[in-house]
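So you can see what is in the structure, the chains are spelled out below.
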Amino acid sequence: TDFITPGGHRPMQEGMEVRMLWNESGLLLHFKAHESTLLTEAQRQYELLAKPDAVNEDVFRQDSILVILRQPASDKAYEITVNAAGAVATAVANPEQLWTTRDFTWSPEIFVTVAQEDGYWTAKLMIPWAAIGMKAPEPSERLDVLIGRNAATRRETGLWGRAEQGVHAPSEWGVIVFTQQSNLAAGAVELPQVLGPGKNQLRLNLQALGRESSEVY
C-alpha cells in the first residue's frame, strides 16, 4: 500500500508493503521496502544509509521501518525500529508524547531478520505478546498501531495513516482487528511439462491450515 508523507499527504516515491499474522505466541510482521538504490543494475547499494551498529535514535534516522503498538486506552506505547542493516532500537513511551517520552531502556525479547535484495529490503519481526504487556488476543479484539518508514537515502519519511509532522505525532492511530479463520488453505500450482499455445490446464493442490492460522486486517 502507499505510505503517505507527513503534511504533504502524497505517496512516498517508492512502495512499501506490510503483512501481518498472529498466533498464540505473538504478532508477526513482514515489511518490504522498495528501494531503487538496491537495484543490482544501478550499482548504488553503497548509498543506502544503514549501519549494523546504530543504536537508539540513530536507527530511526537511517533507512528504517518503525512500528508502534498500544492497547486501546493504555498509557504505554511500544516502539520497535529496524534499519536496513539489521540494527534494532526499542522504546516505551507515553502515547500522547511519543517522541519526547521515549525510554530506550525497554529491552524486549523480539525476533528480527533483515535482508537486502535486488531493488528492495525486507524486515521480519516476531513480537511476543508478553513483550507488549498483553495476552494472545481474542477474535475481534483491537490493537492500535502506527507504522512508519524513513527513506533516509532520499530524505523522505512516510507512514501508514495521517500525520502533519511525522509518525510520532499522528493525527490518528491505525487499528489492527484480530480475526481467526478455520477455512484457510495453503496451495501449490502444478504446471504441465510443456505449455502449448492457447489454453493450458493447471492443477492446484490445497491443504487446509485449520484454526491455528490467524490473520489481522
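Sequence order as written defines the numbering, with residues in each chain counted from 1. For a predicted model such as this one, the threshold for reporting local features is a pLDDT of at least 70, and the threshold for listing and counting side-chain atom pairs is 80 or more; totals across whole chains, interfaces and linings nevertheless cover every residue. To get the side-chain values, all heavy atoms of the structure are used, and hydrogens and water are removed first.

### Some points on the environment of Trp 121
Then comes step 1: Its place among the elements puts Trp 121 in strand E7 (residues 120-128).
Then comes step 2: Think of it in three bands: residues with accessible area under 20% of the maximum for their type are buried, residues over 50% are exposed, and the middle band is partly exposed, with areas taken using a 1.4 Å probe on protein chains only. Taking relative accessible area as the criterion, Trp 121 reaches 1% and is therefore assigned buried.
Then comes step 3: Sequence-wise, Trp 121 and Leu 38 are 83 residues apart; in three dimensions their C-alpha atoms are separated by 8.0 Å. Comment: elements are numbered from the N terminus, with helices defined as DSSP H or I runs of at least four residues and strands as E runs of at least two.

### A word on the side chain of Arg 102
Then comes step 1: Mapping Arg 102 onto the fold places it in the loop between strand E5 (88-93) and strand E6 (111-117).
Then comes step 2: Its relative accessible area of 11% is what places Arg 102 among the buried residues.
Then comes step 3: Two N or O atoms form a polar contact when they lie within 3.5 Å of each other; inside protein one atom must be a possible hydrogen donor and the other a possible acceptor, and for residues adjacent in sequence the pair counts only when both atoms belong to side chains. A polar contact is formed between the side chain of Arg 102 and the side chain of Glu 57, at a distance of 3.0 Å.
Then comes step 4: Reaching out from Arg 102, the side chain makes a polar contact with the backbone oxygen of Trp 99 at a distance of 3.1 Å.
Then comes step 5: What makes two residues a contact is simply this: any of their non-hydrogen atoms within 4.5 Å. If near-sequence neighbours (up to four positions away) are discounted, Arg 102 is found in contact with Glu 57, Glu 79, Ala 91, Val 92, Ala 93 and His 168.

### A look at the pattern of salt bridges
Then comes step 1: The rule for a salt bridge is simple: a side-chain nitrogen of Lys or Arg has to be within 4 Å of a carboxyl oxygen of Asp or Glu. Overall, the coordinates contain eleven salt bridges when judged by the stated rule.
Then comes step 2: Of the charged contacts in the structure, one is a salt bridge between Glu 35 and Arg 149, with a shortest N-O distance of 3.2 Å. A residue pair is termed long-range when its members are at least 10 positions apart, and Glu 35 in the loop between strand E2 (26-34) and helix H1 (57-61) and Arg 149 in strand E8 (residues 142-151) qualify at 114 residues.
Then comes step 3: In this structure Arg 149 comes out as buried when scored by relative accessible area, which is 2%.
Then comes step 4: With a closest N to O distance of 3.7 Å, Arg 102 and Glu 79 form a salt bridge. Here Glu 79 lies in strand E4 (residues 77-83) and Arg 102 lies in the loop between E5 and E6, a separation of 23 residues in the sequence.
Then comes step 5: When its relative accessible area of 5% is taken as the criterion, Glu 79 is described as buried.
Then comes step 6: Several salt bridges converge on common partners, so that one network encompasses Arg 10, Glu 14, Glu 35, Arg 149, Arg 154 and Glu 156.

### Re the pairing of strand E9 (residues 156-160)
Then comes step 1: Bridge count for E8 against E9 is five bridges, and the pairing is antiparallel. Bridged to Asn 150 within E9 is Thr 157.
Then comes step 2: Between E8 and E9, which pair antiparallel in sequence order, lie four residues; one of them, Arg 155, sits at a positive phi of approximately 55 degrees. Two strands qualify as a pair provided that DSSP identifies no fewer than 2 bridges between them.

### Topic: the confidence of the model for the protein
Then comes step 1: Per-residue confidence for the protein averages 84 on the pLDDT scale, and 82% of its residues sit at or above 70.
Then comes step 2: For every residue, the predictor assigns a confidence score, pLDDT, that lies between 0 and 100. A low-confidence stretch, residues 206-213 stays under pLDDT 50, and its non-local contacts, those more than four residues away or across chains, total 20 contacts.

### Regarding the environment of Thr 157
Then comes step 1: With respect to the secondary-structure elements, Thr 157 resides in strand E9.
Then comes step 2: Given the relative accessible area of 33%, Thr 157 is considered partly exposed.
Then comes step 3: Measuring from C-alpha to C-alpha, the distance between Thr 157 and Ile 65 comes to 9.7 Å, with 92 residues separating the pair along the chain.
Then comes step 4: Once you skip the residues sitting within four places of it in the chain, Thr 157 turns out to touch Ile 4, Thr 5, Pro 6, Met 12, Arg 149 and Asn 150.

### Notes on the pairing of E4
Then comes step 1: Across the seven residues of E4, seven count as buried, placing the element largely inside the fold.
Then comes step 2: Here E4 shows no split at all, with Ala 77, Glu 79, Thr 81 and Asn 83 on one side and Tyr 78, Ile 80 and Val 82 on the other all buried.
Then comes step 3: Pairing between strand E3 (residues 64-70) and E4: six bridges, direction antiparallel. Bridging from a neighbouring strand, Leu 66 pairs with Thr 81 of E4.
Then comes step 4: Between the end of E3 and the start of E4, which pair antiparallel, lie six residues, with Ala 73 showing a positive phi angle near 70 degrees.
Then comes step 5: Pairing analysis gives six bridges linking E4 to E5, with the strands arranged antiparallel.

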